[in-house]
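What follows is each chain in one-letter form.
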Protein chains: 2
Amino acid sequence: MNKEIVLTGDRPTGPLHLGHYVGSLINRVTLQNQYKQYILIADVQALTDNYQHPEKVSENVLQVALDYLAVGIDPEKSTIFIQSLIPQIAELTIFYMNLVTLNRLKRNPTVKTEIQQRGFGEQVPIGFLAYPISQAADITIVKGTLIPVGDDQLPVIEQTNEIIRTFNNIYKTNIFPEAKPLISKASRLTGVDGKAKMSKSLSNAIFLSDSSDELNKKVMKMYTDPNHLHVNDPGKVEGNVVFTYLDIFDNDKEKVEELKQHYQRGGLGDVVLKKYLFEILEKLIDPIRKRRELLAQNPDHVMKILKDGTEKTLKVAEQTLSEVKNVMLLKYY
Amino acid sequence: MNKEIVLTGDRPTGPLHLGHYVGSLINRVTLQNQYKQYILIADVQALTDNYQHPEKVSENVLQVALDYLAVGIDPEKSTIFIQSLIPQIAELTIFYMNLVTLNRLKRNPTVKTEIQQRGFGEQVPIGFLAYPISQAADITIVKGTLIPVGDDQLPVIEQTNEIIRTFNNIYKTNIFPEAKPLISKASRLTGVDGKAKMSKSLSNAIFLSDSSDELNKKVMKMYTDPNHLHVNDPGKVEGNVVFTYLDIFDNDKEKVEELKQHYQRGGLGDVVLKKYLFEILEKLIDPIRKRRELLAQNPDHVMKILKDGTEKTLKVAEQTLSEVKNVMLLKYY
C-alpha cells in the first residue's frame, strides 16, 4: 500500500453523469486499490452556489452516494464522507482565511472565470470567493497528498500548497505535506449537444441513472454532422459527438475505425450509427443502473455507509485539528 | 429575570486597562444581575490580527480572565467562554459567508477604517475583511439580543441584523431574533498621553494589573497643560488628562469642581494634583489588583471557570447549530 492519501469528491447538486464517469469515477475505482482514498460529498461547498436552494443540495447527497456505489466505489476501500458533518473543516477554513489576501483570491484563475461567468463582480458572495480556501481545508484535514483534478482546477492545488507553505512556515511545523495534482486525461466529456462540456445545468448530460429509454432518446438526439442529410452523403467525423463517444466508450477500436471510414465516404446513416452507440453505452450503463436501483431500495443502508465513512473521517479530522491547535498554541486545558 | 441575552467580550491581546473598565467591564458587572450574559474571549478573532504571533493571543486568555474575575464578573452569573473551543461558531460563519457580498463587507465603515489604518488595501487578509461575519456568528450562536458596543461599532450590529434577516428570509425561519445595541456612554477613555483613546498598542494605558508603583509613574507622567510651567500660573482644564480622569473616577464632584477652579486661577501644582488622582485611582485599582493576584496564584481554578463556561456555551451552540442545520436541510441521519 502506497503512503499517498487521495482526496477527491463532488458537489452534490445532481446525479452524476457520463462526464463524471470518464473524468473521475473510473479513476477512483482504480485508485482505491492503490491508495488510501477519501471521497468528499461537498454539501457545504455546494451551498456557496446554491444557498438559496438548500433542497437541491440535501436531496442529492443520497443520489451521489448511489452513483458512487453503483460504479464500483467500495466503502471497504474508499472512505466516503459528508462535508457538513466535519466541523473541523470549517474551523480550519477560518484559520486559513488569515493566510490568504483578498487580492490573491481575486487572481485565482478558476475563481476569476467563475465570477465572470456568473456576472458577480464585486457582488460576489464571500463564501463563493473564498471556496478555494475551504478546498485547502478539505484537502489538508485528511492530509491529502494526491488530488485528482481536471487541468482547469490546477489553481486550486496551487492555492492549497501556498496555504500549506505559509502555515508550516508561520507556525514552525511540518504537519501538512504538500498536495500533488493527479491530472485526469479525460476530464472534459462533450455534452450530447456537441456545444460544451457535459453538465447537468446545460441539459446536455447522460446520467448514470438514466433509464434505457432516456438513454436511447438522448443518443438519438445527439449532435452529428448537420450537413449529413442523406445516408449516401459523405459525413464528417470531427466534432461529431457520436464518434467522440465511440472513441471513448467502444473498446473495439478497429470497428470504430471502420465506421469512421464508412461514414466519411457515405452510406452510413446517423440512425444506424446511433443505434450502435446506444448499444455500447447501454452495455456500460445497464449494470450500473441495475446496481443503483437495487441500492436505492435500501436508502438506510446507503446512509449507514455515509455515516460510517463520516465517523471514520471525523476521527482523522479531530487528530489533524488537534495538531493544528497545538502549533497555533490554542490549547488551554 | 429579563429575557434578553447579552453577548459581549474581548480579543485577548493583552491585559485589560482602565479604558476597558469604564467602557465595558463595570457595565458587565451590572448587566449580569439583570440579564443572562455571555462573555466571549475571542481568541480566533484576535488571530485575524495576530496570526503571526499566536503566543500573544494564547498567553492573554488567562490574563483577560483574571481581569474579568478581579473586577467582579461572577461566573455564577456570567458565562465566560473561549471562542476557539466552540466549533459551531466557525460552522455558522461559513454558512453566513454565503449571505454577504464582497462589496457589502468593503462598505462596512468600521472595517473600512481599520483596513485604511493598517494600509492593507487589496492585500487585506480574508479573515480580517470577514471578521464582521464571524461576529454575527458569535452573537447568534447564543442568540444574543443585547450587544454592548461603543458607537464606533454600530456597523457590526447592522451587519449582524442584515445577516439575520437574510438567513431567516431564505430559510423561512425565525430562529434568530435581531440584536439591539446597548451603547456605552463612556466608550473611549483618553490615554495618559492625552493624544488618543487608551490602547495597549499605543503604550498610553493604565492596566488593572499595574502595580502601585507603575500606576504612580504613569499618573506622574500624565499629560496636563504644557503651558502650566509654574505653580502660580493659571492652568487649563480642557484637554488636561488629570481632570478628564477626575471627572470620571472621583465621586466627590464638589471637590473636583474646587480643584478645577483652583487650577485655573493658579496656585495648584501638577504634582499635588497628580498625587490626588493617584490616590483616587489607587483606591479603585488596589482591591482589583489584590483579587487578581490571589486568583493568579491558582490559574487552574481560573481555567476551570473558563472550561465550565465554555462547556455550558457548547451546549447552547450545539442546540443553535442543530436548528440552523434543520432549516438548511443539512440533516442526514
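Residues numbered from 1 in each chain as written. Chains lettered and ligands numbered in written order. Predicted model: local features only at pLDDT ≥ 70, side-chain atom pairs only at ≥ 80, totals over all residues. Heavy atoms only, no water.

### So, the interface of chain B and chain A
Short version of the rule: Only heavy atoms matter for contacts: two residues are in contact if any of them lie within 4.5 Å across the pair. The buried area of a pairing is the accessible area, by a 1.4 Å probe, that goes missing from both parts when the two are put together, added over both. Each reported salt bridge corresponds to a side-chain nitrogen of Lys or Arg within 4 Å of a carboxyl oxygen of Asp or Glu. N or O atoms within 3.5 Å of each other form a polar contact, as long as, within protein, one can give a hydrogen and the other can take it, and as long as residues adjacent in sequence are counted only when both atoms are side-chain atoms.
If you look at the interface, chain B gives 50 residues, while chain A gives 50 residues. Here chain B meets chain A over a buried area of about 4500 Å², counting both sides, of which 70% is carbon and sulfur. The largest share of the area that chain B buries against chain A comes from B:Asn98, B:Tyr332 and B:Tyr333, three residues that together contribute 17% of it. Counting across the interface, chain B meets chain A through two salt bridges. A:Glu122 is paired through a salt bridge with B:Lys106; the nearest N and O atoms lie 2.9 Å apart. Here chain B and chain A share 18 residue pairs in polar contact (both at pLDDT 80 or more) between them.

### Topic: empty space enclosed by the protein
So the rule is basically this: A 1.4 Å probe that fits but cannot get out identifies a cavity on a 1 Å grid over protein atoms alone, an open set with protein on both sides within 12 Å along at least five of seven lines counts as a pocket, and a residue lines either if it has an atom within 4 Å of a point. Grid points are joined across faces, edges and corners, and a volume is the space filled by probe spheres set on the points. Counting from the N terminus, the helices are the DSSP runs of H or I reaching at least four residues and the strands are the DSSP runs of E reaching at least two. Residues are grouped as follows: nonpolar covers Ala, Val, Leu, Ile, Met, Phe, Trp, Tyr, Cys and Pro; charged covers Asp, Glu, Lys and Arg; every other residue, Gly included, is treated as polar.
Tallied over the entire structure, the rule returns three cavities of 30 Å³ or more. Approximately 210 Å³ is the volume found for the largest cavity. Residue lining of the largest cavity: 19 residues in total, with A:Ile94, B:Val44, B:Gln83, B:Ala90 and B:Ser134 positioned closest to the centre. Secondary-structure elements contributing two or more residues to the lining of the largest cavity are helix H4 (87-96) of chain A together with helix H2 (43-50), helix H4 (87-96) and helix H8 (131-141) of chain B. A breakdown of the residues in the lining of the largest cavity according to their chemical character gives ten nonpolar, eight polar and one charged. Its volume calculated, the second largest cavity comes out at about 110 Å³. As for the second largest cavity, its lining consists of A:Val44, A:Gln83, A:Ser84, A:Ile86, A:Pro87, A:Ile89, A:Ala90, A:Thr93, A:Ser134, B:Glu91, B:Ile94 and B:Phe95. Breaking the lining of the second largest cavity down by element, the ones donating at least two residues are H4 of chain A together with H4 of chain B. At four residues, the largest contribution of residues to the lining of the second largest cavity is made by H4(A). A class-by-class count of the residues in the lining of the second largest cavity yields seven nonpolar, four polar and one charged.

### What to know about the relation of the copies chain B and chain A
Our working definition: Overlaid copies result from least-squares superposition on C-alpha atoms, with residues included only where pLDDT is at least 70 in both.
Aligned on chain A, chain B shows an RMSD of 0.0 Å; the corresponding rotation is 180° and the shift along the axis is 0.0 Å. Taken together, these values place the two copies in the relation of a two-fold axis. Closest approach to the rotation axis within chain B is made by the C-alpha atom of B:Ala90, at a distance of 2.7 Å. A shared interface surface links the copies, since 100% of the contact residues of chain B are contact residues in chain A too.

### Looking at the environment of B:Ala65
All names here are of chain B. Which entries qualify depends on this criterion: Only protein chains enter the accessibility calculation, which uses a 1.4 Å probe; a residue is then buried when its area is under 20% of its type maximum, exposed when over 50%, and partly exposed in between.
Positionally, Ala-65 belongs in helix H3 (residues 54-71). On the basis of relative accessible area, Ala-65 is assigned to the buried category, the value being 1%. Spatially, the C-alpha atoms of Ala-65 and Ile-80 are 8.2 Å apart, while their sequence positions differ by 15 residues.

### As for the domain arrangement of chain A
Residues and elements named next belong to chain A. Counted only if it meets this: Domain start and stop positions are those given by an automatic or database domain assignment.
Segmenting chain A into domains produces domain 1 (5-189 + 299-327) and domain 2 (210-293). Facing eleven residues of domain 1, the contacting portion of domain 2 comprises nine residues. Of all residues in domain 1, Leu-18, Ala-70 and Leu-189 give up the largest surface area on contact with domain 2, accounting jointly for 55% of the area buried on that side. On inspection of domain 1 and its partner domain 2, the count reaches one salt bridge. Between Arg-292 and Asp-67 there is a salt bridge, with the nearest N and O atoms lying 2.6 Å from each other. Where domain 1 meets domain 2, there are three residue pairs in polar contact (both at pLDDT 80 or more). Breaking the side of domain 1 that touches domain 2 down by element, the ones donating at least two residues are helix H1 (18-34) and helix H3 (54-71). Considering only residue class, the side of domain 1 that touches domain 2 consists of nine nonpolar, one polar and one charged.

### Some details on the packing of aromatic side chains
Residues and elements named next belong to chain B. Spelled out, the test is: Only centres within 6.5 Å qualify two rings of Phe, Tyr or Trp (six-membered ring in Trp) as a pair; their planes then separate them into stacked at under 30 degrees, edge-to-face at over 60, and tilted for everything else.
Applying the stated criterion to the full structure yields 18 aromatic pairs over all chains. An angle of 55° between the planes, with centres 5.8 Å apart, marks the rings of Tyr-245 and Phe-249 as tilted. Of this pair, Tyr-245 and Phe-249 are both found in helix H11 (residues 241-249), four residues apart, which corresponds to roughly one turn of the helix. Here the two residues Tyr-245 and Phe-249 agree in accessibility, since each one is buried.

### Details of the confidence of the model for chain A
Selection rule: For every residue, the predictor assigns a confidence score, pLDDT, that lies between 0 and 100.
Summing up the model confidence of chain A, the mean pLDDT is 95 and the portion of residues at 70 or higher is 99%. Across the predicted assembly, pTM comes out at 0.95 and ipTM at 0.94.

### Here's the deal with helix H14 (residues 299-327) of chain B
Keep this limit in mind: Take the residue count of a helix, subtract one, and multiply by 1.5 Å to get its expected span.
Across its 29 residues, H14(B) extends 42 Å between first and last C-alpha, which sits within 8% of the 42 Å expected from 1.5 Å per residue. A positive backbone phi angle near 60° is found at B:Leu329, which sits one or two residues after H14(B).

### What to know about the packing of H4(A) against helix H14 (residues 299-327) of chain A
Residue and element names in this part refer to chain A. Here is the rule: Axis definition: a line fitted to C-alpha atoms, limited for helices to the stretch in contact. Angles are taken between N-to-C directions and run from 0 to 180 degrees. Here roughly perpendicular refers to angles of 65 to 115 degrees, roughly parallel to angles under 35, roughly antiparallel to angles over 145, and oblique to all remaining angles. Helix crossings are classified by the rotation of the near helix relative to the far one: an anticlockwise turn of less than a right angle makes the crossing left-handed, while a clockwise turn makes it right-handed.
It is the contact of H4 with H14, at a shortest axis distance of 9 Å, that shows an interaxial angle of 30°. The orientation of H4 relative to H14 falls into the category roughly parallel. Crossing geometry of H4 relative to H14 is assigned as left-handed. Residues Pro-87, Gln-88, Glu-91, Leu-92 and Phe-95 of H4 touch H14, and the partners they reach there are Leu-314, Ala-317, Glu-318, Leu-321, Val-324 and Lys-325.

### Observations regarding the side chain of B:Thr110
All names here are of chain B. Locating Thr-110 in the fold gives a position in helix H6 (residues 109-117). By relative accessible area, Thr-110 is classed as buried at 14%. Those residues in contact with Thr-110, other than ones at most four positions away along the chain, are Tyr-131, Asp-152, Gln-153 and Pro-155.

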